[in-house]
Amino acid sequence: ATHQAGELHGLADGRVRRNEWKRPTGPRYGPDVWDAAGARVAWIEGHGRKEADAYVADVASGAVYRVTVDGETKWSPALDPTGRRLAFLSADMTVYDNTVMRRRVRVLDLATGVAKDLPVPGHDGVPGTLGWTPDGRQLVYELRGGTIGGIYAQTVPPAAGGPADARPVMPELRPKERTVAWLASPDAERV
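In this text the structure is predicted, and so the values were computed from the model without any measurement.

About the cut-offs
Residues numbered from 1 in each chain as written. Predicted model: local features only at pLDDT ≥ 70, side-chain atom pairs only at ≥ 80, totals over all residues. Heavy atoms only, no water. Pairing = 2+ DSSP bridges. Helix = DSSP H or I, 4+ residues; strand = E, 2+ residues; numbered from the N terminus. Axes fitted to C-alpha atoms, helices over the stretch in contact; angles between N-to-C directions. Salt bridge = Lys/Arg side-chain N within 4 Å of Asp/Glu carboxyl O. Buried < 20%, exposed > 50% of the residue type's maximum accessible area, 1.4 Å probe, protein only. Phe/Tyr/Trp six-rings, centres within 6.5 Å; stacked < 30°, edge-to-face > 60°.

A look at the sheet that holds strand 5 (residues 64-66)
No. 1: Judged by pairing direction, the sheet is antiparallel, and its three strands sit side by side in the order 3-4-5 without closing on themselves. The open sheet has two edge strands, strand 3 (40-46) and strand 5, and neither has a second partner. Strand-to-strand twist in this sheet, taken as the mean axis angle between neighbours without regard to direction, amounts to 25 degrees.
No. 2: Sheet topology note: the strand 3/strand 4 (residues 52-58) ladder contains seven bridges and is antiparallel. Note that in strand 4 the partner of Arg40 across the bridge is Asp58.

Given below as structure tokens:
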């Protein structure tokens, strides 16, 4: 079991042991995998060593929507409070030294299927734990390591008009284009 740093646990003989908690080394989910109403939930599903796509489910109907088909590396999905926009971190990652290249926050409007990439500052460190502010105007994430590590808040353009509860757009699977993108990847392991 994982415990918070400094949490005390009693032993059978009455002694107390202090457990040390170490933060995970890799990306992890943030607090916003559910929308504010609890009507939608989002997750990232991996398809290989570094390929992943985003999914959203409607809790009432049980319908599951695959909202990306690009297979790029993704982590830390976060639904805005209305459930209209899904944000996640994405990057091109090298295999051997875990370098994170072309780091970005992708914001996907679920009702229109339109995605917008927001740059992550700096050139080193690993972004993680993405979350929305309660008003849905900014995304907050942690940048671990590197020369400018810290907590960042980034303003996000508002969603286009239309109903917030519109059914998510599912992109068409295009195997030929996905294969060409996969072969053009800078990742030596894929080539």
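Things to note about the pattern of salt bridges
No. 1: Summed over all chains, the structure comprises 11 salt bridges.
No. 2: Here Lys74 ties to Asp70 by a salt bridge, and the two come within 2.4 Å at their closest N and O atoms.
No. 3: Looking at Lys74, the relative accessible area reads 7%, which means it is buried.
No. 4: Relative accessible area serves as the criterion here: at 30%, Asp70 is assigned to the partly exposed category.
No. 5: A salt bridge links Arg84 to Asp109; the shortest N-O distance between them is 2.6 Å. In this pair, Arg84 is assigned in the loop between strand 6 (73-79) and strand 7 (85-93) and Asp109 in strand 8 (residues 100-109), connecting sequence segments 25 residues apart. Accessibility assignment for this pair places Arg84 and Asp109 in one class, buried.
No. 6: Each of Asp53, Arg66, Asp70, Glu72, Lys74, Arg104, Arg106 and Asp117 takes part in one network of salt bridges that share partners.

With respect to the packing of aromatic side chains
No. 1: Throughout the structure, instances matching the rule amount to two aromatic pairs.
No. 2: Centroid distance Tyr141 to Tyr152: 6.0 Å. Interplanar angle 20 degrees. Geometry classified as stacked. Separated by 11 residues along the polypeptide, Tyr141 in strand 11 (residues 138-144) and Tyr152 in strand 12 (residues 150-155) bring together distant segments of the chain.
No. 3: Classification of Tyr152 by relative accessible area gives partly exposed; the value is 23%.

Points about unusual backbone geometry
No. 1: A positive phi angle, near 55 degrees, is found at Ser76, a position not held by glycine.
No. 2: With relative accessibility at 1%, the residue Ser76 sits in the buried group.
No. 3: The phi angle at Thr129 is positive, at roughly 50 degrees, despite the residue not being glycine.
No. 4: Here Thr129 is to be found in strand 10 (residues 126-132).
No. 5: In this structure Thr129 comes out as partly exposed when scored by relative accessible area, which is 24%.

Structural notes on the pairing of strand 4
No. 1: Of all seven residues in strand 4, six are buried; the element is thus mostly enclosed.
No. 2: Here strand 4 runs beside strand 5; their pairing, made up of three bridges, is antiparallel. When the sheet's bridge partners are listed, Ala57 is paired in strand 5 with Val64.
No. 3: Once strand 4 ends, the chain turns through five residues before running back antiparallel as strand 5, passing Gly62 with a positive phi of about 80 degrees.

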